[in-house]
Amino acid sequence: MTTVRSLDRLTRKLRQPLSRLPLGAGQRIKDLLVSAVIAFVLFAGLVLSPIDQLSWVVQSRLSTHEPSGDIVFVSTDADITHSAQPEGRTQLAAALRTLANRDVARIYIDLAFPTHSTEQADRALASAIAALEARVILVDRLERKFTEGDRPLRTMPEIAGNARRVISRDTSNWMGFTWTRDFAHELDGKRLPSFSASLAGVEDLRSGSYQIDYALNSREITHLNIENFFDSDVAGQLDGKVVVFGKEASLTQMGARTPGNFLVPQSYTDIYGAETLKANPPILVGGFRALLVYSFVILAIVLFIHSKRKRRLAYSTLALSLPVILYVGNPQGIRAELSYPAAMMTMYILLRSRSRWKDRLTLVDDETGLPKLRALEIELSQDTHARGHIVVSRIHGYEHVFKTLPRVDRAKYLLKLVERLRTINTDRVLYAEGHHIAWHSGEDDENQLTDHLDGMRALFAAPIYVSGSSIDVGISFGVARLDGDPSARLAAAVAAAEESSEALEPIKIAESNSRFDELWDLSLRARIDEAMAAGEIFCVYQPKIDTRSGTMTGAEALVRWKDPVRGFIPPMNFIAQCEKAGRMEALTEFVFRTACEAGRLMHFRGRSLTMSINVSATMLSDMKVVGLIRNALHATGFDPRFLILEVTETSRIGDLQTAELVLNELKFMGARISIDDFGVGETNFETFFALPFDEVKIDRLFVANMAKSKKARAIVSSIVKMGKDARIGVVAEGAEDNETIRILIEMGCTHVQGYVLARPMNLEKLIEFNELKEINTA
């Protein structure tokens, strides 16, 4: 969670300059950051190392080249070094004596004789080694022992005499492959060349290691058997060569693995290493460097490529570069850990797919499949050459029709409206949201467009038939010229449609920079989302006080907007505009997460307080609000048993049966349900009776006037008594003085909110308030 919050903060800081970047760049950058962090964590744990090694195996087989031909391997019996096999030492001594008379460059004996055999066999081998003088070199092996460290396996001095020694250390991994060799090793306080480096003629004892190139064709390495070694024709082929004596590979004894070969003699690893040094070792591009390069390339694509098609082409090219590097890297001497960039790109693709899926939920209506107004805004923002007008039609009586129609017929009704709007132009793309249906008209002449819309109104003179029912349709239009920011012009068109009248002004033209732009600017998604990201929209919390103990038992989350230019904007204003612009869901999700995080923090500090959050009754028309709340609880870890959802504007509930299903689902999650502003407007007893409320909040209109109005006191008293009889909680909000508190206590109202007890405050102040043991309610 901390990492995600840090990424959120970083993305917010980037938001303002991102206004000049491609649309959606902020979300893409966030997805890239998350993907890169996950990939770097995988790299730190070497999780994908096996994949890299398998890719290197494939790479080494894609193209091969011939060895130098300077090295000849002579295989011996696997048991030649055993003390009980003196004939093996005698055979090796005979082979060495044969080479003493040949012009052989160097002879390496990759065989360790640590114990005595028969005296005759040991003496013969020692004599043969001594006769070769400086041309013979003995290989001491360092075997890895995980509990004891490296254990040397060397030929005993009685046989070795004064022969030079080199070291071969086993560095194979758990897959059996050896990818690197050191230039030198420390043994008994002496620094000695490694076997592979010495084979290549590099004996300067430098530090470090190098990558082994397995692109050699192993069948091209000259491989002789000691049994056939004494043939004069065979021995004659060794002049000027470097000869290596070593054990033949055996399934019963330890061998080595190389790409393309399940089992090869142990000496082959060092022969490959020597051939690599002769031909220049591969350059390793580590996972960290590869991740940085690919991260910056993707970032550049996100920041500088505006076209979606070109961006996808760039992503495809970048993905194809991975196998290309694998193929081209072998002959060019490049070996790279590409699994981590591949993992990052895979994660990025998954996150982008998730973001597009979420965008689709936001931009497309589930029931009708029609794009929403936000989709029109995005399309116009992306099309910099778009001209003409934005037309928004307002369907009069839409909400009433929706309330009366069965749920299955509502989508049919809307699609019938769309079908009629497309009568003149069947290719017209329409965007629907609520009682608005909008489109972009390329007509630049305002008078011709007005005549066209007048003709369109005539089409709606006839009723629409849905499932046998005849429905009259009233329609008017708002029009805005597309001569500026598409978001502002769409908002102006929506505002003009709202101001239009079927009888007086059926077609209303929004003037550029008119008061409509100012009024509806608050409803723009960009303004809402930027304000939430910048911290201009935030939550404050008003404590709920238990009048019996004087302690805080919970808090209500209230959303606020402090605009840097306009100052504090009344919640009723921006919430209404947000709802009409289709951004209520985003605002609600923001409040849910913020409030639940605050509640979780309060619980962490040792106080089990409830957190109340307002939910618009308009969101009870489907199960989407359930998913929002479930996601917020899951993301924050807040206990749902301490969550209270206060349903506001219950008069706007279109279908009590659907609302009951939604509320029951929320209660099943553990949340409690409260009816807000009870007693005013159309918050009626029918709604209270039909829906599963656990709490009633008495509206401040009655609570604030109790001290001076007997009517108000009687209403509050009756609601408190009703709550007790119905066994549900009662909260009085709007207590402004001590006299009101006294009356509420006498009535038995145990939970109160009001400025006399505590004003809404930020989270830091709430924590300080929470630490107070008791609030004076006297």
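Residues numbered from 1 in each chain as written. Predicted model: local features only at pLDDT ≥ 70, side-chain atom pairs only at ≥ 80, totals over all residues. Heavy atoms only, no water.

Draft legend 1. Spotlight on the overall build of the chain. Scanning the chain from N- to C-terminus turns up 28 helices and 31 strands. For the chain, the proportion of its 778 residues judged to be buried stands at 48%. In the chain, 73% of the contacts between residues at least 6 apart in sequence involve partners at least 24 apart. Split by element, the accessible area of the chain, about 37400 Å² in all, is 53% carbon and sulfur. (Helix = DSSP H or I, 4+ residues; strand = E, 2+ residues; numbered from the N terminus. Buried < 20%, exposed > 50% of the residue type's maximum accessible area, 1.4 Å probe, protein only. Contact = heavy atoms within 4.5 Å. Areas by Shrake-Rupley, 256 points an atom, 1.4 Å probe, with all protein chains shown as cover.)

Draft legend 2. Inspection of the environment of Met 552 at higher detail. With respect to the element layout, Met 552 can be found in strand β24 (residues 551-563). Separated by 206 residues in the primary sequence, Met 552 and Ala 758 place their C-alpha atoms 9.9 Å from one another.

Draft legend 3. Summary view of the pattern of salt bridges. Per the stated rule, a full pass over the model turns up 30 salt bridges. The shortest N-O distance in the salt bridge between Arg 630 and Glu 665 comes to 3.7 Å. With Arg 630 in helix α22 (residues 624-636) and Glu 665 in helix α23 (residues 656-669), this residue pair connects regions lying 35 residues apart in the sequence. With a shortest N-O distance of 2.4 Å, Arg 742 and Glu 739 are connected by a salt bridge. In this pair, Arg 742 and Glu 739 both sit in helix α27 (residues 738-747), three residues apart, roughly one turn of the helix. (Salt bridge = Lys/Arg side-chain N within 4 Å of Asp/Glu carboxyl O.)

Draft legend 4. Focus on the nonpolar core. Of all hydrophobic cores here, the largest spans 79 residues; its most connected members are Ile 613 and Leu 645. Among the elements that make up this core, the one with the highest residue count is helix α21 (residues 584-604) (nine residues). Every residue in contact with Ile 613, bar those within four places of it in the chain, is listed here: Ala 557, Val 591, Phe 592, Ala 595, Cys 596, Leu 643, Ile 644, Leu 645 and Glu 646. If you look at the next biggest cluster of nonpolar residues, it comprises 31 residues, including Trp 56, Val 166, Ile 212 and Leu 216. (Core = buried A, V, L, I, M, F, W, Y, C linked by side-chain atoms within 4.5 Å.)

Draft legend 5. Inspection of the sheet that holds strand β21 (residues 474-481) at higher detail. Spatial ordering of the open sheet is given by β17-β18-β16-β21-β22, a layout of five strands whose pairing is mixed. The sheet terminates laterally at β17 (431-433) and β22 (507-510), the two strands that pair on one side only. The sheet shows a mean angle of 20° between the axes of neighbouring strands, direction not considered. Relative to strand β18 (residues 436-441), β17 runs antiparallel, the two being bridged by three bridges. Along β18, the bridge assignment pairs Ala 432 with Ile 437. Its contacts with the sheet put helix α13 (residues 373-382) on β16 (389-396), β17 and β18, and the angle it makes with β17 is roughly 140°. (Pairing = 2+ DSSP bridges. Axes fitted to C-alpha atoms, helices over the stretch in contact; angles between N-to-C directions.)

Draft legend 6. Structural context of the side chain of Ser 267. Relative to the helices and strands, Ser 267 is located in helix α9 (residues 267-279). In terms of polar contacts, Ser 267 uses its side chain to reach the side chain of Asp 110, at 2.5 Å. Those residues in contact with Ser 267 that lie beyond four places of it in its chain are Phe 73, Asp 110, Arg 141, Val 244 and Gly 246. (Polar contact = N/O pair within 3.5 Å; in protein donor to acceptor, adjacent residues only side chain to side chain.)

Draft legend 7. Highlighting the packing of aromatic side chains. On inspection of all chains with the given rule, the structure shows 13 aromatic pairs. Each ring, one from Tyr 315 and one from Tyr 348, has its centre 5.6 Å from the other, and the planes form 70°; the classification is edge-to-face. In this pair, Tyr 315 is assigned in helix α11 (residues 308-332) and Tyr 348 in helix α12 (residues 339-363), connecting sequence segments 33 residues apart. For Tyr 348, a relative accessible area of 4% gives the class buried. (Phe/Tyr/Trp six-rings, centres within 6.5 Å; stacked < 30°, edge-to-face > 60°.)

Draft legend 8. Layout of the confidence of the model for the chain. Looking at the chain, the pLDDT average stands at 83 and 89% of residues meet or exceed 70. Per-residue pLDDT, averaged within each element of the chain, yields its smallest value for helix α1 (residues 2-15) (44) and its largest for strand β2 (residues 106-110) (94). In this model residues 1-19 is a low-confidence stretch, pLDDT under 50, and it forms 18 contacts with partners more than four residues away in sequence or in other chains. (pLDDT = per-residue confidence, 0-100.)

Draft legend 9. Spatial organisation of α13. With seven of ten residues buried, α13 lies mostly within the body of the structure. Taken residue by residue, α13 has Leu 373, Arg 374, Ala 375, Leu 376, Glu 377, Ile 378 and Leu 380 as its buried positions.

Draft legend 10. Inspection of a nonpolar patch on the surface at higher detail. A cluster of nonpolar side chains, namely Val 58, Leu 62, Val 324, Tyr 327 and Val 328, defines an oily patch on the protein surface of about 440 Å² accessible area. Within the residue set of the nonpolar patch, elements represented by two or more residues are α3 (49-62) and α11. No other element matches α11, which puts three residues into the nonpolar patch. Relative to the elements of secondary structure, Leu 62 occurs in helix α3. (Patch = residues over 30% accessible without salt bridge, like charges linked within 9 Å, V, L, I, M, F, W, Y side chains within 5 Å.)

Draft legend 11. How the structure looks around the pairing of strand β23 (residues 537-546). Burial runs high along β23: nine of the ten residues are buried. The turn joining β23 and β24, which pair antiparallel and follow one another in sequence, is formed by four residues; a positive phi near 75° is taken by Gly 550. With two bridges joining them, β23 and strand β31 (residues 751-753) adopt antiparallel strand pairing. Across the sheet, the residue bridging to Ile 545 is Val 752, located in β31.

Draft legend 12. Inspection of the pairing of strand β7 (residues 184-187) at higher detail. Where β7 and strand β8 (residues 190-193) come together, four bridges link them in antiparallel fashion. Opposite Ala 184, over in β8, you have Pro 193 as the bridge partner. Here β7 folds back onto β8 in antiparallel fashion, the turn holding two residues, of which Asp 188 has a positive phi close to 55°.

Draft legend 13. Inspection of the packing of α13 against helix α17 (residues 486-499) at higher detail. The interhelical angle for the contact between α13 and α17, taken along N-to-C directions, is 140°, at an axis separation of 9 Å. Between α13 and α17, the angle falls in the class oblique. Considering how the two elements wind past one another, α13 and α17 form a crossing that is right-handed. Across the interface between the two elements, Leu 373, Leu 376, Glu 377, Leu 380 and Ser 381 from α13 touch Pro 486, Ser 487, Leu 490 and Val 494 from α17. Of the residues contributing to the contact of α13 with α17, the split by class is six nonpolar, two polar and one charged. (Parallel < 35°, antiparallel > 145°, perpendicular 65-115°, else oblique. Left-handed = near helix turned anticlockwise from the far one by under 90°. Nonpolar A, V, L, I, M, F, W, Y, C, P; charged D, E, K, R; others polar.)

Draft legend 14. Quick peek at the environment of Val 625. Assignment of secondary structure puts Val 625 in helix α22. A sequence separation of 40 residues divides Val 625 from Glu 585, and the C-alpha atoms of the two residues are 8.1 Å apart. Contact partners of Val 625, with chain neighbours within four places excluded, come to Phe 592, Val 615, Met 619 and Val 662.

Draft legend 15. Spotlight on unusual backbone geometry. Phi at Asn 280 is positive, roughly 85°, even though this residue is not glycine. Looking at where Asn 280 falls in the secondary structure, it is placed in the loop between α9 and β14 (283-285). You can call Asn 280 exposed: its relative accessible area is 62%. Positive phi values are uncommon outside glycine, yet Asp 677 reaches one of about 55°. Structurally, the position occupied by Asp 677 is in strand β28 (residues 672-678). By relative accessible area, Asp 677 is classed as partly exposed at 25%.

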